[in-house]
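# Structural overview for review
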Amino acid sequence: MKNLWTQDESSKYTTDLELRVYTSQLLGRNDELVLHGGGNTSVKSVVDGEDILYVKGSGWDLVSIEKEGFAPVKLDTLIAMAKLDNLSDTDMVSGQKEAMIDSKAPNPSVEAILHAIIPFKFVDHTHSDAVVTISNNENGLENIQKVYPNYLIIPYVMPGFILAQTIYNMSKDLDWENCDGIILHNHGIFTFDNNAKKSYDKMIAAVTLAETFIEENASVIIEKYVPRATLDIEQLQSIIKTEKQCDIVIKVNQSPLALHYASQRNIQTTVCRGVLTPEHIIRTKRVPLVLENNNIQGAIDKYKEDYESYFEEFNNDKIMLNPSPNWAVIKNFGTVSFGKNDKEAKIIEDINNHTMMAVLRADILGGFKSISLKDSFEMEYWELEQAKLKK
Ligand SMILES: [Zn+2]
């Protein structure tokens with residue numbers, strides 16, 4: 001992976017926070033590291049004699065983040081929170097807000113406590129495609145261990161307080177100086193250093209390791225397919241509009257990748273194995289609609305039925321989201337993404353493009369395997385993710 005740091009550009013940034021802005025934007029410039037609001041970064045600094053963690057505020061994209069996109073939170077309060085036995089995510093969010101020294105700043109990332117307990121000045125976190133391709137796999141634990149021998153490796157845990165608490169407990173006896181980074185299975189990677197450039201360099205170097213592993217073990221040849229099926233796009237759009245009870249923008253993808261993906265055998269099982277990184281679920285749902293013939297309404301009814309039983313299986317006291325799909329894989333045709341507006345449809349399409357490539361590669365590595373149905377449900381219905389959608 002190309003390192004985008006330049007001496008020329010970086011010379012404009014001098015303070016801790018400015019350097020944090022610069023390397024965060026560098027991470028954001030590569031969509032194989034983070035997509036649409038994904039990932040987060042922080043820097044520990046001193047303000048009026050007090051230790052402060054500046055952490056990415058929710059609602060900001062790394063690619064365009066500025067100083068005001070970082071929430072300044074008292075470091076001691078965050079570390080004290082990591083030591084609690086129990087804390088609901090809602091209480092975590094309000095506790096983090098109360099510990100901010102600027103009430104006008106955005107809400108701190110849900111991963112703020114995790115950033116606080118890593119004892120380095122700069123902390124970088126991405127959902128690198130290459131890392132999650134290796135991790136979301138039947139052989140994920142084994143291969144991650146092989147590629148990252150000096151990393152703290154964390155089995156999948158739901159983001160939020162429980163993840164911070166898990167890492168706090170697992171790192172109590174850790175020799176941080178000899179730890180190259182942290183891998184969160186099925187989720188992403190952390191690197192850190194006391195120097196902004198070094199922390200960024202470590203991320204690029206770490207992701208390059210994963211890319212090399214994939215090149216050597218899972219190179220995918222995208223076949224040149226031509227669409228062999230047709231689709232009544234207007235009919236599909238009209239049905240989805242009725243199902244979702246709002247206007248729908250659709251994006252048809254017939255790129256070589258989308259066509260290759262939609263031309264696989266057994267697509268019903270191949271393309272319905274879950275998300276690449278947990279937060280994608282609020283955009284794409286766990287699985288797409290699969291259309292193998294012209295009976296669009298029939299396929300959607302079946303999709304809704306399956307969604308409702310998934311909801312019933314894990315629901316405690318939640319209200320079900322609209323059960324219709326957010327995207328579709330159409331056999332021998334390509335994919336279609338549905339959004340309330342152009343921006344949302346584009347976000348879903350971007351996520352799908354990254355997911356499709358990762359699934360194809362992961363299958364060569366031993367079989368794509370995402371988080372469990374239960375973990376998917378907990379993420380999809382996590383109060384903090386639901387709150388993001390309402391914004
Ligand atoms: Zn993350």
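Description of the structure in this document. (Residues numbered from 1 in each chain as written. Predicted model: local features only at pLDDT ≥ 70, side-chain atom pairs only at ≥ 80, totals over all residues. Heavy atoms only, no water.)

### Structural notes on the overall build of the chain
Our working definition: Where helices and strands are cited, they refer to DSSP runs of H or I of at least four residues and of E of at least two residues respectively, numbered from the N terminus. The reference for a compact globule is 2.2 Å times residues^0.38; the radius of gyration itself is calculated from the C-alpha atoms. Relative accessibility thresholds used throughout: buried, under 20% of the residue-type maximum; exposed, over 50%; partly exposed, between the two (1.4 Å probe, protein chains only). What makes two residues a contact is simply this: any of their non-hydrogen atoms within 4.5 Å. Note on areas: these come from Shrake-Rupley sampling with a 1.4 Å probe, and a residue is covered only by the protein chains present in the view.
On a plain count of helices and strands, the chain comes out with 17 helices and 11 strands. Here the C-alpha radius of gyration of the chain, 21 Å, is about what a compact globule of 391 residues would show, namely 21 Å. By principal-axis analysis of the C-alpha atoms, the chain measures approximately 65 × 45 × 40 Å. Counting the 391 residues in the chain, one finds 57% classified as buried. Long-range pairs, those at least 24 residues apart, make up 72% of the contacts in the chain with a sequence separation of at least 6. When the accessible surface of the chain is summed, it comes to about 17,300 Å², and 48% of that surface belongs to carbon and sulfur atoms.

### Here we look at unusual backbone geometry
The phi angle at Asn186 is positive, at roughly 60°, despite the residue not being glycine. The class of Asn186 is buried, set by a relative accessible area of 11%. The backbone phi angle of Gln245 is positive, close to 55°, even though this residue is not glycine. Mapped onto the elements, Gln245 comes out in the loop between helix 10 (233-244) and strand 8 (249-253). Classification of Gln245 by relative accessible area gives exposed; the value is 70%.

### Thoughts on the nonpolar core
The tendency in soluble globular proteins is for nonpolar side chains to be buried as a group. We count it as follows: Nonpolar core, defined: a set of buried Ala, Val, Leu, Ile, Met, Phe, Trp, Tyr and Cys residues in which side-chain atoms within 4.5 Å join the residues together.
If you look at the biggest cluster of nonpolar residues, it comprises 49 residues, and the most contacted ones within it are Leu78, Ile113, Ile118, Ile154, Ile167, Ile182 and Phe192. The next biggest cluster of nonpolar side chains, apart from the first, holds 39 residues, and it includes Ile300, Tyr303, Val359 and Leu360.

### Quick word on the sheet that holds strand 11 (residues 334-339)
Two strands in a sheet stick together by hydrogen bonds in their backbones, pointing the same way (parallel) or opposite ways (antiparallel). Using the following cut-off: Note on pairing: two strands pair once DSSP finds at least 2 bridges between them. Simply put, an axis is a line fit to the C-alpha atoms, just over the touching stretch for a helix, and the angle between two N-to-C directions goes from 0 to 180 degrees.
An order of 8-11-10-9 is seen for the 4 strands of this open sheet, with the pairing classed as mixed. Of all strands in the sheet, those bounded by a partner on one side alone are strand 8 and strand 9 (289-291). The sheet shows a mean angle of 20° between the axes of neighbouring strands, direction not considered. Two elements, strand 8 and strand 11, share 5 bridges in a ladder whose sense is antiparallel. Along strand 11, the bridge assignment pairs Lys251 with Ser337. Contacts from helix 10 reach strand 8 and strand 11 within the one sheet, and its direction differs from that of strand 8 by about 140°.

### Focus on the coordination of the zinc ion
Our working rule: Each metal's donors comprise the N, O and S atoms found within 2.8 Å of it (within 3.2 Å for Na, K or Ca). Water is not part of the atom list, so some coordination spheres may appear incomplete.
Coordination of the zinc ion by the protein comes from His125 (NE2), His127 (NE2) and His187 (NE2), over a distance range of 2.1 to 2.2 Å. Read N to C, the donor residues that coordinate the zinc ion are spaced as H-x1-H-x59-H. Note on His125: relative accessible area 0%, which makes it buried. The exposure class assigned to His127 is buried, which follows from its relative accessible area of 9%.

### A few points about the pattern of salt bridges
So the rule is basically this: Only one rule defines a salt bridge in this text: a Lys or Arg side-chain nitrogen within 4 Å of an Asp or Glu carboxyl oxygen.
For the coordinates displayed, the defined rule picks out 15 salt bridges. Ionic pairing is found between Asp124 and Arg20, a salt bridge with its closest N-O pair at 2.9 Å. Remark: Arg20 occurs in helix 2 (residues 16-28) and Asp124 occurs in strand 4 (residues 122-126); sequence separation between them is 104 residues. For the pair Asp124 and Arg20, a shared accessibility class is recorded, and that class is buried.

### With respect to a negative patch on the surface
What counts here: Exposure above 30% relative accessible area and no salt bridge define the residues that can form patches, which grow by joining like charges within 9 Å and nonpolar side chains of Val, Leu, Ile, Met, Phe, Trp and Tyr within 5 Å. Asp and Glu are treated as the negative residues and Lys and Arg as the positive ones, with His and the ends of the chain left uncounted. Note on charges: their place is set at NZ of Lys, CZ of Arg, CG of Asp or CD of Glu.
A cluster of acidic residues, Asp48, Glu50, Asp51 and Asp76, forms a negative patch on the protein surface. In this fold, Asp48 is placed in the loop between strand 1 (40-47) and strand 2 (50-56).

### Side note on empty space enclosed by the protein
Stated formally: Using only the protein atoms, space was sampled on a 1 Å grid; points where a 1.4 Å probe fits but cannot get out form cavities, open sets with protein on both sides within 12 Å along at least five of seven lines form pockets, and lining residues are those with an atom within 4 Å of a point. Grid points are joined across faces, edges and corners, and a volume is the space filled by probe spheres set on the points. We call Asp, Glu, Lys and Arg charged. Ala, Val, Leu, Ile, Met, Phe, Trp, Tyr, Cys and Pro are nonpolar, and the rest, Gly among them, are polar.
For the coordinates displayed, the defined rule picks out 2 cavities of 30 Å³ or more. The volume enclosed by the largest cavity comes to roughly 120 Å³. Gly274, Val275, Arg286, Trp327 and Thr355 are, among the 20 residues lining the largest cavity, the residues nearest its centre. Here the element with the most residues in the lining of the largest cavity is helix 15 (residues 342-364); it accounts for 4 residues. Residue classes in the lining of the largest cavity are distributed as 11 nonpolar, 6 polar and 3 charged. Its volume calculated, the second largest cavity comes out at about 70 Å³.

### A short note on the packing of helix 14 (residues 296-314) against helix 16 (residues 373-380)
Applied cut-off: Between 65 and 115 degrees an angle is taken as roughly perpendicular, under 35 as roughly parallel, over 145 as roughly antiparallel, and anywhere else as oblique.
Relative to each other, helix 14 and helix 16 sit at 90°, their axes nearing to 10 Å. The angle between the axes of helix 14 and helix 16 places the two elements in the roughly perpendicular class. Facing Tyr307, Tyr310, Phe311 and Phe314 of helix 14, the residues of helix 16 in contact are Leu373, Lys374, Ser376, Phe377 and Glu380. By residue class, the composition of the contact of helix 14 with helix 16 is 6 nonpolar, 1 polar and 2 charged.

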